[in-house]
Structures are given as structure tokens and as C-alpha cells.
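If you want the building blocks of each chain, they are given just below.
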Amino acid sequence: MRVYWLSILPLAGAVAVALLQRWRVPMVVVALATLLGCLRLSSLLPMNQAQTFLGQQWMLDGGTQRLLILAYWTTATLLAIAAAAQQAGPVHAPMLASLGLLSAAILLHSWLLSLLLLPAALIVPILATFSTRPDAPRGASHFLAWVTVPIPFLLAIPWLLDQLAVRPQELAVVTWSAWLLLPAWILWLNLFPFHGTMPLWAAGGLPLVPAFLWAAKDAVVIHLLLAVWRQMPALQMESVLSTLRTLGLLTALFSGIWAVIQSSLSGVLGCAAMSVLGLVVLGLAAGSADGLSAALFLLLSRSAAVLLASAALTVLYDGSADTPQEARKRFPWEGLVLWLIAVGGVLALLALPRMANPAQGRSVLSVLQVQEPRLWQAWRISAAGVLIGLAHTSWRLWRSQVRSSGGHIRPVPFLLAVCLLLLCLYLALSPQVVSGWVSGLML
Amino acid sequence: MLPTILRSLEPLAASRALHLVVGLYASGALLLLSPDERLLIPFFLLQRGIVIVLLWSNIGLSLVTVSTAASVAVGLIYLITVWGLFRKAAPAVAQATRGAQPLTYPPLRALAVALALLLTHGLVQRYAPSLLPPLVTWSVAWLLVEFCFALLLAPTPLHSGLGVLAFADAGRILYALTGPDPLVWGVWASCDVLVALAAAHLRTVEVAAYGGTGAECRETAETPPSSEEIPAASLESPPVEEADQDSVAHGELTGHSASSALEREPAEPPEPGGSA
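Here the structure is a predicted model, which is why all the values come from computation and not from measurement.

(A) Up close: the overall build of chain A. A tally of helices and strands in chain A yields 20 helices and four strands. Against the 2.2 N^0.38 benchmark of 22 Å for 443 residues, chain A shows a C-alpha radius of gyration of 21 Å, consistent with a compact globule. Taking the principal axes of the C-alpha coordinates as reference, chain A spans close to 80 × 50 × 40 Å. A fraction of 80% describes how many contacts in chain A between residues 6 or more apart in sequence connect residues 24 or more apart.

Below, the structure written as C-alpha cells:
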């Protein structure tokens with residue numbers, strides 16, 4: 001087996017799943033088997049050996065392997081939840097196809113081609129958008145409008161650097177190239193002023209696709225953009241980093257404030273996730289090893305919290321409703337548990353920046369505050385916004401969905417959500433596990 | 001016959017460059033002016049054809065073929081989507097388009113096109129880089145301005161998709177000057193097709209959403225529910241005293257899937273403003 005099979009296998013799986021769309025059980029089996037095969041393959045393949053395919057070099061290293069394993073587990077969890085939920089729509093094939101393209105982007109040795117494949121990988125999940133509320137297509141439409149925009153800017157970078165080889169005295173070319181990387185950071189991560197796209201998308205339906213993008217896409221985008229900086233350190237200029245830090249701070253602040261006017265818990269989850277992403281970007285743009293470690297710790301923990309909350313919300317929304325007479329007979333304890341898990345997931349997102357990173361012995365906020373003194377006030381305002389949004393949307397959710405759910409929560413997705421809760425509790429009690437993954441990713 | 005046409009098209013970029021650029025402006029203006037998604041396809045194909053002919057001498061026949069194939073695929077995807085929507089769910093399409101009413105107002109769109117032309121003129125006069133030939137500068141500036149206005153005025157995801165493709169064309173013109181790599185060009189062309197697929201899917205979902213909520217509105221109007229019946233009906237809808245647009249719009253999980261909503265053809269056009 002060669003490295004490029006890690007990309008081909010999910011793509012082939014996506015085709016098979018699309019063909020099996022009408023037969024639910026075989027479709028789910030093929031999707032999960034594909035992911036298990038990818039997981040097995042990623043641990044068996046030789047490391048640090050370049051292989052040629054389609055005229056390009058493909059390589060798997062330690063950091064890439066860890067990132068892929070995380071992406072596979074994340075996708076498998078989401079697909080299992082989607083499979084168990086009756087109303088989840090056709091998400092399996094687009095997610096697998098996106099994962100295949102993301103894998104190709106990670107494994108390819110040519111950063112330019114990787115950064116071209118990335119928008120394709122980001123467009124594919126849009127095909128999994130489903131809703132009868134216009135918000136989700138509107139959010140996805142905004143996302144579609146922005147993700148391909150960075151391509152021309154990225155293609156200009158090698159051309160500009162070639163100009164430098166011809167005319168070495170024109171050092172301004174390096175500055176321009178550094179700035180040309182900024183649209184990719186802003187648009188692919190949906191930073192301020194595009195931070196409303198993802199919560200809008202999530203608010204309009206089950207938050208499965210947004211959760212995939214938050215948990216898998218963000219990690220891959222950050223990995224690739226950091227790889228560009230590692231390959232060309234001259235592009236990591238202080239002026240660009242400073243702008244990124246400002247955008248990160250504004251994303252953290254305004255995403256939280258926007259949560260106040262959300263009408264669904266999915267939307268509040270989106271705002272909280274974007275707010276934490278703002279902090280992650282602050283850490284990445286700090287330009288120090290401490291900032292990077294704090295940012296990656298926050299990113300991984302955020303993925304776990306987002307997965308937990310979105311899984312619980314999906315299962316809760318999927319539950320059928322009782323008649324009021326039936327609902328009164330029995331306390332809806334399954335609905336209550338799911339409601340608590342969803343609310344707990346959002347609260348965990350707010351608590352994460354104050355959690356101590358075992359590798360550093362202090363909280364992420366205190367690490368980031370060194371670079372950005374206004375961070376503490378901004379985060380407090382943002383957290384207050386999320387709490388207000390959480391209070392009124394969770395109350396509405398309780399009255400509309402939980403109280404009436406009776407005993408009609410499906411057992412398999414309910415158990416999946418509870419298992420996810422136990423896993424997250426384990427991670428919360430032993431943060432050194434997350435810290436170990438962070439050091440693996442930083443290889 | 002085809003080789004003859006191809007042979008006659010190739011030298012056009014040199015002999016009729018100005019006409020082609022004027023054609024680019026005209027087709028872009030028509031794209032911006034047209035709120036009707038049925039008219040988008042010919043205007044898009046015209047604009048894309050002009051861009052391909054303009055680039056022909058720089059990119060060669062093989063990349064021209066790739067670009068043409070991608071453009072035809074985009075056109076087909078749009079055609080099938082629009083045809084399917086108007087055939088199966090015309091009332092829902094009308095309601096979805098009414099949701100973006102101010103953006104479909106012709107005088108507003110005409111004013112926007114005039115503003116776009118003025119803005120392009122201003123941009124080129126003020127910021128024209130000396131590195132680029134004048135016609136390239138005019139073409140790229142127009143496509144960039146068209147992208148911005150297409151997104152601002154987009155009444156449907158199909159319009160947004162074409163705006164994105166106009167931006168991609170602007171980038172492609174610049175990239176063609178640098179001696180493009182066929183693999184990069186091919187990946188970029190497949191991104192175009194993916195953008196069209198995604199835009200078509202979003203339009204379908206959007207129309208289904210309006211169809212779904214419209215049906216639900218009618219059901220609600222026919223049988224006014226009691227305060228105890230409401231909570232079970234929607235994702236997070238409040239009880240009847242608070243039932244607002246949002247509670248209706250959240251009907252996504254009451255058995256109305258996007259596809260089933262499309263398949264159900266409403267008997268009459270749903271009332272405007274029946275959705276969020």
C-alpha cells in the first residue's frame with residue numbers, strides 16, 4: 001500500500017456510499033468500514049518516505065499521521081451519529097469525499113497544489129447541507145462565496161518570489177507575498193468579518209456539517225498554513241501576525257456578542273466555537289512556541305467539545321415528539337440528559353481557555369494575554385454574550401423539544417452521545433492526553 | 001467543421017481583442033442585470049467563452065479544452081437545476097425569489113451595473129499597474145468588480161456561484177500570464193465544477209425550504225393548534241403565545257426533508273413572508 005491510498009480510499013468510499021444512498025444499512029457499513037480502513041492504513045504505512053503519484057511527491061510524517069487519525073475519528077463519530085439519526089440527510093458521501101481531498105492536501109509535498117485542493121475539500125461538504133429553513137443554505141452560500149477567493153492570491157505568491165530571484169533588490173516583493181497569505185487565513189477560517197457564516201449555517205439545521213468543518217477542516221487549514229510559514233519563514237512577518245492577532249481578537253469578541261441574538265442552541269454553539277477559534281488564531285499568530293502549544297491545545301479541546309454538543313443536539317432534534325397526554329405520563333430523562341450534554345458542551349467551550357495546559361502549567365488565556373493585554377476583557381464580554389444566548393435558547397429548547405420528548409429518544413444515538421460524553425470527561429480529567437497529541441502534531 | 005471554427009477563434013485575441021473585452025463587459029453587465037436564473041446560463045457561457053478566447057494564445061489548446069469542458073459542465077449543472085426546479089416546484093421557486101425581493105428590482109440592478117462600470121473605470125484610472133497590458137487590466141478589474149456586485153446583488157445561490165466563477169476568471173487571466181502549470185489549471189477547473197454543483201445544491205435546498213415552510217404555514221392556518229400541541233411540532237419552537245416566524249421556520253425536523261419538500265408540488269403559491 002502507498003501513501004496516496006489514504007486519499008483514494010475515502011474518495012472511492014464516497015463514490016460507493018453515493019451509489020448505496022437508497023440502502024441505509026449497507027451505506028453506513030461501507031462509510032464506517034472506509035474510515036476504519038483509513039485508520040488502519042495510516043498506522044501501517046511507512047513514515048517519512050516520499051512516493052510519487054500523478055507526478056507529485058506524497059509523504060506521511062508523524063504530525064500528518066496524527067492529524068489524519070484525528071480527522072478520521074472525528075468524521076467516524078459524526079457519521080455514526082448521522083447514521084443513527086433518522087433525519088440527518090445524505091451527509092456520508094460528501095463528508096467522505098471532503099476527507100479524501102483533505103487527506104490529499106495534507107499528504108502532497110507541493111504546498112501550492114495542497115492549497116488548491118483545500119478549497120475543493122471545503123466546497124464538497126456544502127453538498128451535505130439539508131434543511132427546510134432558509135438560514136442553512138444562506139450560511140452555506142456565504143461560505144461558498146468565500147472559500148475559493150484565496151486561490152488567485154496564493155497563485156501569485158510563487159510568481160512574486162520568482163520576481164525576487166530576478167531582481168533581488170526588490171525586497172518589497174516578500175512583504176507583498178506575506179500579505180497575500182492573509183486572505184487564506186481569514187476566509188478559510190471565517191475570521192472577522194466573515195465569522196457569522198458558520199453560526200448561520202449551523203443555526204438552520206442539524207449542526208453536523210458545521211461540526212465537521214470546525215473539528216476537521218479548521219485543524220487541516222491551520223496545519224497547511226503553518227506548513228507554508230515553516231517552509232518560507234520570510235512570509236511570517238510581524239505586520240501580518242499583528243493583523244491576524246487583531247482579527248482573532250475581533251472574531252473572539254464579536255462571535256460571542258452575536259450569540260445574544262441567536263434563536264437556536266445550534267447557533268449559540270456556532271458562536272461559541274467561532275469565539276474560541278478567535279483565541280486559537282491569537283495563539284498561532286503570537287509567533288512563539290508557547291502561543292502555538294496553547295493554540296493547538298485549545299483547538300483539539302474545542303473539537304471534542306463541539307463534537308459532544310453537536311452530537312447531543314442532533315440526537316435531541318431527531319427524537320420524535322409525544323402527544324401532550326403521553327408526555328405527561330413519563331419524565332423525559334433521556335431528553336434531559338441530552339439537553340444537559342448539549343448545554344455542557346457549549347459551557348465547556350467557554351471554560352476551555354481557562355483550563356491549564358499541562359505542557360505549560362498555566363491557562364491558555366494567561367499565555368495569550370502576554371501578547372494581547374485586552375484579551376481578558378474581550379473574552380469576558382464574549383463569554384457573557386454566549387451565556388445570555390445559551391440561557392434563552394436552552395430554555396426554549398427545553399420547553400419545545402425536551403419536555404415533549406417523552407421516551408421517544410432513539411436508544412442507539414442516545415448511547416453514542418453518552419459514550420462521547422464519557423470520552424470527553426476522560427479527556428477533561430486527563431488533559432495530558434490532549435497535550436500529548438499536541439506535541440505529536442507539533443513534530 | 002469544428003477544427004475550422006477553432007482555427008478561426010484562435011487569432012481573435014490578437015485581431016479583435018478590444019471587441020472581446022467589450023463583449024466581456026456586456027456579458028458581465030447582463031449577468032448582473034438579470035435576476036432571472038433562467039437567463040444566467042447563456043450570459044455565463046458567453047462571458048466564459050470570451051475569457052477562453054482571450055487566453056488562448058497564452059495557455060494553448062490543451063488548457064483551452066480543459067476550460068471549455070469545465071464551462072460546459074457548469075452550464076449543464078445550472079441548466080439541469082433550473083429546469084428541474086421550474087418543472088417540479090415553480091411556486092416554491094417564486095416564493096424563494098420573493099424572499100430576496102429588493103435585490104430583484106430591475107432599476108436597482110441597473111443602477112448597480114452603472115455603479116460597477118464607474119467603479120471599474122475609477123479603479124483602472126487610479127491603480128492600473130504598469131506591469132500589465134491595458135486590456136488585461138480592464139478585463140481583470142471588471143471581473144473583480146463584477147464578483148463584488150454579483151455577491152451583493154445575489155438573489156439566489158446560483159447568482160453567488162457565478163460571482164465566484166467571475167472572480168476565478170480574473171485570477172485565471174493573471175495566472176495565464178505566468179505560464180500556467182496544467183495540473184494546477186486542471187484542479188482549478190474542477191473547483192469551478194464543484195462551485196457550480198454546490199450552488200445548484202444550495203438553490204435546491206433553499207427552494208425546498210420555502211416549499212416546506214409554505215406547506216407548514218398552510219397547515220397551521222387550517223388547524224390552529226392549542227398551546228399544548230405546539231411544542232412537539234418544531235425544533236425549538238416556543239409555545240403558541242410566542243410562536244413567531246422562527247418557530248415556523250424550525251419545522252425542519254417534523255418529517256419535511258428537503259427532498260420530500262421539493263417533490264411535493266404546492267397546490268397554490270404560498271403566502272409571501274411565510275418563512276424566516
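(B) Layout of the overall build of chain B. Within chain B, the regular secondary structure consists of 11 helices and zero strands. Counting every position in chain B, which comprises 276 residues, the buried fraction comes to 46%. For chain B, the proportion of contacts with a sequence separation of at least 24, taken over those separated by at least 6, is 74%.

(C) Layout of the nonpolar core. Counting residues in each nonpolar core, the largest one holds 230 residues, and the members touching the most others are A105(A), L144(A), A272(A), A312(A) and A342(A). At 19 residues, helix 14 (residues 289-318) of chain A tops the list of elements feeding residues into this core.

(D) Broad picture of the environment of L127(A). If you trace the backbone, L127(A) turns up in the loop between helix 5 (111-123) and helix 6 (135-147). A C-alpha to C-alpha distance of 32 Å links L127(A) and G283(A), two positions 156 residues apart in sequence. Excluding residues within four positions of it along the chain, L127(A) makes contact with P94(A), L197(B), A198(B) and H201(B).

(E) A look at the environment of V228(A). All names here are of chain A. For V228, the position within the fold is in helix 11 (residues 208-231). Look at V228 and you get partly exposed, because 18 C-beta atoms sit within 10 Å. Considered as a pair, V228 and L115 are 113 residues apart in the sequence and their alpha carbons are 9.5 Å apart.

(F) Quick look at unusual backbone geometry. Residue and element names in this part refer to chain A. A cis amide bond links F192 to the next residue, P193, at an omega of 10 degrees. Mapping P193 onto the fold places it in the loop between helix 9 (182-188) and helix 10 (197-203). Even without being glycine, N190 reaches a positive phi, approximately 55 degrees. Note that N190 resides in the loop between helix 9 and helix 10. Judged by the 27 C-beta atoms lying within 10 Å of it, N190 is buried.

(G) Layout of the domain arrangement of chain A. All names here are of chain A. Assigned domains of chain A: these are domain 1 (1-130) and domain 2 (141-441). Taking only C-alpha atoms into account, the centre of domain 1 sits 21 Å from that of domain 2. The interface of domain 1 with domain 2 comprises 37 residues on the first partner and 41 residues on the second. Where the side of domain 1 that touches domain 2 is concerned, the elements lending two or more residues are helix 3 (62-84), helix 4 (92-107) and helix 5. The dominant element in the side of domain 1 that touches domain 2, judged by the number of residues it contributes, is helix 3, at 14 residues. Per-class residue counts for the side of domain 1 that touches domain 2 are 27 nonpolar, nine polar and one charged.

(H) Region of the structure containing helix 3 (residues 17-33) of chain B. Residue and element names in this part refer to chain B. For helix 3, spanning 17 residues, the distance from its first C-alpha to its last is 24 Å, which sits close to the expected 24 Å at 1.5 Å a residue. Taken as a whole, helix 3 has its buried residues at L24, Y25, S27, G28, A29, L31 and L32. As for helix 3, its buried residues are in contact with helix 4 (40-88), helix 6 (106-127), helix 7 (134-153) and helix 8 (157-176).

(I) Fine view of helix 5 of chain A. Residues and elements named next belong to chain A. Look at helix 5: 19 Å from first C-alpha to last across 13 residues, which is about the 18 Å you get at 1.5 Å a residue. With 10 of 13 residues buried, helix 5 is to be regarded as a mostly interior element. Among all positions of helix 5, only S114, L115, L116, L117, L118, P119, A120, A121, L122 and I123 are buried.

(J) Just the packing of helix 3 of chain A against helix 11 of chain A, in detail. Residue and element names in this part refer to chain A. At a closest axis distance of 10 Å, the pairing of helix 3 and helix 11 adopts a crossing angle of 175 degrees. In terms of orientation, helix 3 and helix 11 fall into the roughly antiparallel class. Contacts from L67, L70, A71, T74, T75, L78 and A82 in helix 3 reach L208, A211, F212, A215, A216, A219, V220 and H223 in helix 11. Of the residues belonging to the contact of helix 3 with helix 11, the class tally is 12 nonpolar, three polar and no charged.

(K) Fine view of the environment of P358(A). Residue position: P358(A) is located in the loop between strand 3 (356-357) and strand 4 (362-363). Beyond its immediate stretch of four places on either side in the chain, P358(A) contacts P431(A), Q432(A) and S435(A).

The rules behind these values
- Residues numbered from 1 in each chain as written.
- Chains lettered and ligands numbered in written order.
- Predicted model: local features only at pLDDT ≥ 70, side-chain atom pairs only at ≥ 80, totals over all residues.
- Helix = DSSP H or I, 4+ residues; strand = E, 2+ residues; numbered from the N terminus.
- Rg over C-alpha atoms; globule rule 2.2 N^0.38 Å.
- Contact = placed C-beta atoms within 7 Å.
- Buried ≥ 20, exposed ≤ 12 C-beta atoms within 10 Å, placed from the backbone.
- Core = buried A, V, L, I, M, F, W, Y, C linked by C-beta atoms within 7 Å.
- Domains from an automatic or database assignment.
- Nonpolar A, V, L, I, M, F, W, Y, C, P; charged D, E, K, R; others polar.
- Expected span 1.5 Å × (residues − 1).
- Axes fitted to C-alpha atoms, helices over the stretch in contact; angles between N-to-C directions.
- Parallel < 35°, antiparallel > 145°, perpendicular 65-115°, else oblique.

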